[in-house]
Amino acid sequence: MIRFLKGLILLPIAIVVVLLAVANRQPVMLSFDPFTDGTPAFSLPMPLYALIFAAVALGIVVGGVGSWLGQGDTRRDRRAKGRELARLRHEAERLRQTAPASTHAGATLGRTALPAPRA
């Protein structure tokens, strides 16, 4: 079912991307020199669809890095809680191993309930 839904969503997106690439094949001048009008020093002719795809890819990378950096506190808290959980599990296991050896007088080994009340 999930595979069908992925296909249902991704197929129209793929068709739009292919149509965009076919319709925008003409070269455009990508310039990194805003001060020169004629022939800029830092310019690159490339197809318009390549420029659009590069901009989308750059946006995805920048957004992913921003999201990853924004979740740093959550990852740090999760690591700290994981260390605390491991410490508590280790302590609980240590207490389980030492509890039968430290029984009081009159208590039965392995007994977990309180003794019956005396009348």
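Residues numbered from 1 in each chain as written. Predicted model: local features only at pLDDT ≥ 70, side-chain atom pairs only at ≥ 80, totals over all residues. Heavy atoms only, no water.

A short note on the overall build of the protein chain
Okay, so step 1: Helices and strands together make up the secondary structure of the protein chain, namely 3 helices and 2 strands.
Okay, so step 2: The buried share among the 119 residues of the protein chain stands at 5%.
Okay, so step 3: Long-range pairs, those at least 24 residues apart, make up 23% of the contacts in the protein chain with a sequence separation of at least 6.
Okay, so step 4: For the protein chain, the exposed area adds up to about 10,700 Å²; of that, 68% sits on carbon and sulfur atoms. (Helix = DSSP H or I, 4+ residues; strand = E, 2+ residues; numbered from the N terminus. Buried < 20%, exposed > 50% of the residue type's maximum accessible area, 1.4 Å probe, protein only. Contact = heavy atoms within 4.5 Å. Areas by Shrake-Rupley, 256 points an atom, 1.4 Å probe, with all protein chains shown as cover.)

A short note on the confidence of the model for the protein chain
Okay, so step 1: In the predicted model, the protein chain carries a mean pLDDT of 86, and 90% of its residues have values of at least 70.
Okay, so step 2: Looking over the protein chain, one finds the lowest element-wise mean pLDDT in strand S1 (residues 27-31), namely 86, and the highest in helix H3 (residues 72-98), namely 95. (pLDDT = per-residue confidence, 0-100.)

Structural notes on the pattern of salt bridges
Okay, so step 1: Inspection of every chain in the model, using the stated rule, returns 3 salt bridges.
Okay, so step 2: Of the charged contacts in the structure, one is a salt bridge between aspartate 73 and arginine 76, with a shortest N-O distance of 3.1 Å. A residue pair is termed a helical-turn pair when its members lie 3 or 4 positions apart in one helix, as aspartate 73 and arginine 76 do in helix H3 at 3 residues.
Okay, so step 3: With a closest N to O distance of 3.5 Å, glutamate 91 and arginine 87 form a salt bridge. Separated by 4 residues within a single helix, glutamate 91 and arginine 87 lie in helix H3, roughly one turn from each other.
Okay, so step 4: The class for arginine 87 is partly exposed, based on a relative accessible area of 46%. (Salt bridge = Lys/Arg side-chain N within 4 Å of Asp/Glu carboxyl O.)

Here we look at the packing of helix H1 (residues 2-23) against helix H2 (residues 48-70)
Okay, so step 1: The geometry of H1 relative to H2 is characterised by a closest axis approach of 7 Å and an angle of 135° between their N-to-C directions. Relative to H2, the element H1 is oriented oblique. Two secondary-structure elements touch here, H1 through Val17, Leu20 and Ala21 and H2 through Tyr49, Ile52 and Phe53.
Okay, so step 2: Split into classes, the residues belonging to the contact of H1 with H2 amount to 6 nonpolar, no polar and no charged. (Axes fitted to C-alpha atoms, helices over the stretch in contact; angles between N-to-C directions. Parallel < 35°, antiparallel > 145°, perpendicular 65-115°, else oblique. Nonpolar A, V, L, I, M, F, W, Y, C, P; charged D, E, K, R; others polar.)

Examining the side chain of aspartate 33
Okay, so step 1: Here aspartate 33 shows up in the loop between S1 and strand S2 (43-47).
Okay, so step 2: Despite its burial, aspartate 33 pairs with no opposite charge, the nearest such side chain being arginine 25 at 29 Å.
Okay, so step 3: Apart from residues no more than four positions distant in its own chain, aspartate 33 is found in contact with Pro40, Ala41 and Phe42. (Lys, Arg positive; Asp, Glu negative; His and termini not counted.)

Considerations on the side chain of asparagine 24
Okay, so step 1: Mapped onto the elements of the fold, asparagine 24 is located in the loop between H1 and S1.
Okay, so step 2: Since its relative accessible area comes to 15%, asparagine 24 is described here as buried.
Okay, so step 3: In contact with asparagine 24, other than residues within four places in its own chain, are Pro47, Leu48 and Tyr49.

Topic: a nonpolar patch on the surface
Okay, so step 1: Together, Met1, Ile2, Phe4, Leu5, Leu8, Ile9, Leu10, Ile13, Val17 and Phe53 make up an exposed nonpolar region whose accessible area comes to about 1,000 Å².
Okay, so step 2: Sorting elements by how many residues they give to the nonpolar patch places H1 first, with 8 residues.
Okay, so step 3: With respect to the secondary-structure elements, methionine 1 resides in the segment before H1.
Okay, so step 4: Since its relative accessible area comes to 74%, methionine 1 is described here as exposed. (Patch = residues over 30% accessible without salt bridge, like charges linked within 9 Å, V, L, I, M, F, W, Y side chains within 5 Å.)

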